[in-house]
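If you want the building blocks of each chain, they are given just below.
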Amino acid sequence: MVSVIIPNYNHARYLDARIQSILNQSYRDFEIIILDDCSTDNSKEVIEKYRDNEFVTHIVYNEHNSGSTFKQWEKGFELAKGELVCIAESDDCCDIHFLETLVPQFKNKKMVLAFSRSMQISDKEELGVFPSQRKMNSCFEMDGKKFIENFLSKVNIVVNASSALIRKGFIENIPQDYYSYRGCGDWLFWIYIAEQGDVYYEAKSLNYFRQHFSNTTKKLFKSGNNSREVHHIYEYLNNKKYFKRFRGTWFR
């Protein structure tokens, strides 16, 4: 039913916790696909411990670094056999009831995306509610275009890919230009997915999102690439009439 894709690059120190958090799920109908993007740490040593695990259906090592998280997503989507897919980032982890809680929402055949509240984890294991979700204290189900108008037109409220389940059949219907993004491709991806049907939000904190202040992130902001990507997304939202533009300020 569920294909859990774990794209990894140099996260050996977190990999065991990540994989175990999937293997320990109370919901048991899933496969695990592990993709390593030419890691230079001891990730392979950790991954190989799961080579013979009954839930692990694919282990793929890139010979050259792809340079893009979203290219790894694409590879995972191609290998996935499940009706639903989860992109379980290799440095995150989840509650044991994550799948058990979100999978039933797809009994609604129009459901394309279900995601849970995320808690932040630092390297010191400190927890905190993600700022943009602090006021999201109630579960809801919503038409995807209304979800874009109410939430995604303001900020990427699906703050972490690991918090979401996606109905795989709708992924092939969306544009693939988000592959070329470096910082905001996930935001555009959620917009494209939400346009296809309904969205569910689970207010329980079932996902744990590890925050890194990496050089890559700093470079994105310093170079202006992040700002350019945000601008392109706003242009798309504006062209699709998800909000109105008035005197140079963006409004819903």
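Predicted, not measured: the structure shown is a model, and the values here were computed from it.

A. Structural detail: the pairing of strand β9 (residues 164–167). Here β9 shows a buried face lined by Ala164 and Ile166 and a second buried face lined by Leu165 and Arg167. Judged from the 2 bridges that link them, strand β4 (residues 84–87) and β9 form a sheet pairing that is antiparallel. Bridging from a neighbouring strand, Leu84 pairs with Arg167 of β9. In terms of strand pairing, strand β6 (residues 111–121) meets β9 through 3 bridges, oriented antiparallel. Opposite Ala114, over in β9, you have Leu165 as the bridge partner.

B. Spatial organisation of the side chain of Ser3. Turning to its location among the elements, Ser3 is positioned in strand β1 (residues 2–8). A distance of 2.5 Å separates polar atoms of two side chains, one belonging to Ser3 and the other to Glu31. There is a polar contact of 2.8 Å between the side chain of Ser3 and the backbone nitrogen of Gly82. Residues within four places of Ser3 in sequence aside, it is in contact with Glu31, Ile33, Ala80, Lys81, Gly82, Leu84, Val85 and Cys86.

C. Focus on the environment of Cys94. Assignment of secondary structure puts Cys94 in strand β5 (residues 93–94). On the basis of relative accessibility, which here comes to 8%, the residue Cys94 falls in the buried class. In this structure the C-alpha to C-alpha distance between Cys94 and Lys44, which are 50 residues apart in sequence, comes to 22 Å. When near neighbours in sequence (up to four residues on either side) are disregarded, Cys94 contacts Arg18, Ser21, Ile22, Gln25, Leu206, Asn207 and Tyr208.

D. Here's a closer look at the packing of aromatic side chains. Tallying each qualifying case throughout the model produces 19 aromatic pairs. Ring plane angle 20° and centroid distance 5.7 Å describe the contact between Phe130 and Phe209, whose orientation is recorded as stacked. Here the residue Phe130 occupies a position in the loop between β7 (127–129) and β8 (140–143), and Phe209 occupies one in strand β10 (residues 198–210), the gap between them amounting to 79 residues. Pair check on accessibility: Phe130 and Phe209 agree, each one buried. Members of the aromatic cluster, each reached through a chain of ring pairs, are Phe70, Trp73, Phe77, Tyr178, Tyr179, Phe189 and Trp190. Positioned above the aromatic ring of Tyr61 is the side chain of Lys44, whose terminal nitrogen or guanidinium carbon lies 4.9 Å from the ring centre.

E. View of the packing of helix α5 (residues 144–152) against helix α6 (residues 185–194). Relative to each other, α5 and α6 sit at 145°, their axes nearing to 8 Å. Residue-level inspection shows Gly144, Lys145, Phe147, Ile148 and Leu152 of α5 in contact with α6, the latter providing Trp187, Trp190, Ile191 and Ala194.

F. Broad picture of the nonpolar core. Ranked by internal contacts, the top residues of the largest apolar core, which has 45 residues, are Phe147, Tyr178 and Phe189. Among the elements that make up this core, the one with the highest residue count is α6 (8 residues). Other than its neighbours up to four places away in sequence, Tyr178 contacts Phe70, Trp73, Phe77, Gly185, Leu188, Phe189 and Tyr192. The next biggest cluster of nonpolar side chains, apart from the first, holds 32 residues, and it includes Ile19, Leu23, Phe55 and Leu102.

Rules of the game
Residues numbered from 1 in each chain as written. Predicted model: local features only at pLDDT ≥ 70, side-chain atom pairs only at ≥ 80, totals over all residues. Heavy atoms only, no water. Buried < 20%, exposed > 50% of the residue type's maximum accessible area, 1.4 Å probe, protein only. Helix = DSSP H or I, 4+ residues; strand = E, 2+ residues; numbered from the N terminus. Pairing = 2+ DSSP bridges. Polar contact = N/O pair within 3.5 Å; in protein donor to acceptor, adjacent residues only side chain to side chain. Contact = heavy atoms within 4.5 Å. Phe/Tyr/Trp six-rings, centres within 6.5 Å; stacked < 30°, edge-to-face > 60°. Lys NZ or Arg CZ within 6 Å of the ring centre and 35° of its normal. Axes fitted to C-alpha atoms, helices over the stretch in contact; angles between N-to-C directions. Core = buried A, V, L, I, M, F, W, Y, C linked by side-chain atoms within 4.5 Å.

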